[in-house]
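Examination of the molecular architecture
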Amino acid sequence: MTKDDAMRHFLDIHKTDPAELRAMLDLGAGMKAARGDKPKGAPDADQPLAGRMVALIFEKPSTRTRVSFDVGVRQMGGQTMVLSGADMQLGHGETIADTARVLSRYVDLIMIRTFEEQTLLEMAEHATVPVINGLTNRTHPCQIMADVLTYEEHRGPIAGRKVVWSGDGNNVFASFAHAAGQFGFDLTFTGPPTLDPEREWLEWAQAKGHPVTIERDPWAAVEGADLVVTDTWVSMHDPQSARERRHNQLRPYQVNEHLMSKAKPDALFMHCLPAHRDDEATSAVMDGPHSVIFDEAENRLHAQKAILRWCLGV
Ligand code: CP
Ligand code: NVA
């Protein structure tokens, strides 16, 4: 078997075949249903990761990604090691390529959260085991797999639905743009021009036949939305010096009850978390009737278990 036949990386939603993405979501939903109300530490009936070792590498903080991957691997019978990028030689000058080659001798899969996308890409290029993107400065595919799973769990197929992103055109938005193209939903971005999404992603969505609508007026944008989404105004890769300027620019795009009232009455509200309550979204919305933010967080676990199985072909 060649290297390419032997393994599948999960690097981004736009790099993964839509039928495979759909199969992963179906698998994740099925595994979630099969667990029922089992205690979180109880093993799944099947143990597809038995004997497998997974490295979870973090160059920056994480609660959901770290815990959901760790728990998911263990529920499926595998073992994990959580590694901080700063504590590894990677953080002290060893090349990414050498790190990838060495880790591939010890573990069966690498999940990595990095500052620079290039680190992820080099890791994938040189690893001989599958690599999963646990967030970079440019994308966050595992999050949006969980978000699509969550939407469909509550409201049925997302295809043809109107999704509105209000705020910063950041890495999480980018994976929504990829998902719009792959799952076939309409995506509107509303935010200031200075914080527009990357042109490359807008062009990709356009070429895919699902162009992102840009609407500067948040009230007009949210009209008739099935799903309203936002995220932090300052991401982990953004300089803290930009904080005040970003807050001033993004304040008109806060998701509050007034803005949500312009969406469809049964619209859902999502936020990948962590949130800065009463900045990008008010607590009234986050804790209100439209919000499914904690289902989203839970579904990281179920979606990623399916991604892990897909990567390992088990
Ligand atoms: N949503 C998300 O990725 O959260 P963490 O940063 O806590 O992993
Ligand atoms: N956009 C945020 C997402 C955190 C999960 C960040 O990159 O910091």
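Residues numbered from 1 in each chain as written. Chains lettered and ligands numbered in written order. Predicted model: local features only at pLDDT ≥ 70, side-chain atom pairs only at ≥ 80, totals over all residues. Heavy atoms only, no water.

With parallel pairing, five strands are arranged side by side in an open sheet as S7-S6-S5-S8-S9. Only two strands of the sheet have a single partner each, and these edge strands are strand S7 (213-214) and strand S9 (268-271). Sheet topology places strand S5 (residues 162-166) next to strand S8 (residues 227-230); three bridges connect them, and they run parallel. By the bridge assignment for S8, Val-163 is matched with Leu-227. Against the sheet, helix H7 (residues 171-183) contacts S5, strand S6 (186-190) and S8, and its axis sits at roughly 155° relative to S6. (Pairing = 2+ DSSP bridges. Helix = DSSP H or I, 4+ residues; strand = E, 2+ residues; numbered from the N terminus. Contact = heavy atoms within 4.5 Å. Axes fitted to C-alpha atoms, helices over the stretch in contact; angles between N-to-C directions.)

Moving on to the site of ligand 1. Near ligand 1 the following residues occur: Ser-62, Thr-63, Arg-64, Thr-65, Arg-113, His-140, Gln-143, Cys-272, Leu-273 and Arg-300. Between ligand 1 and Arg-64, the relevant distance is 2.8 Å, taken from an oxygen atom to a side-chain nitrogen or oxygen of the residue. Between ligand 1 and Leu-273 there is a distance of 2.8 Å, counted from a nitrogen atom to a backbone nitrogen or oxygen. Here ligand 1 loses 96% of its free accessible area of 260 Å² to cover by the protein chains. For the shell around ligand 1, the class distribution of residues is two nonpolar, five polar and three charged. (Near = heavy atom within 4 Å. Polar contact = N/O pair within 3.5 Å; in protein donor to acceptor, adjacent residues only side chain to side chain. Areas by Shrake-Rupley, 256 points an atom, 1.4 Å probe, with all protein chains shown as cover. Nonpolar A, V, L, I, M, F, W, Y, C, P; charged D, E, K, R; others polar.)

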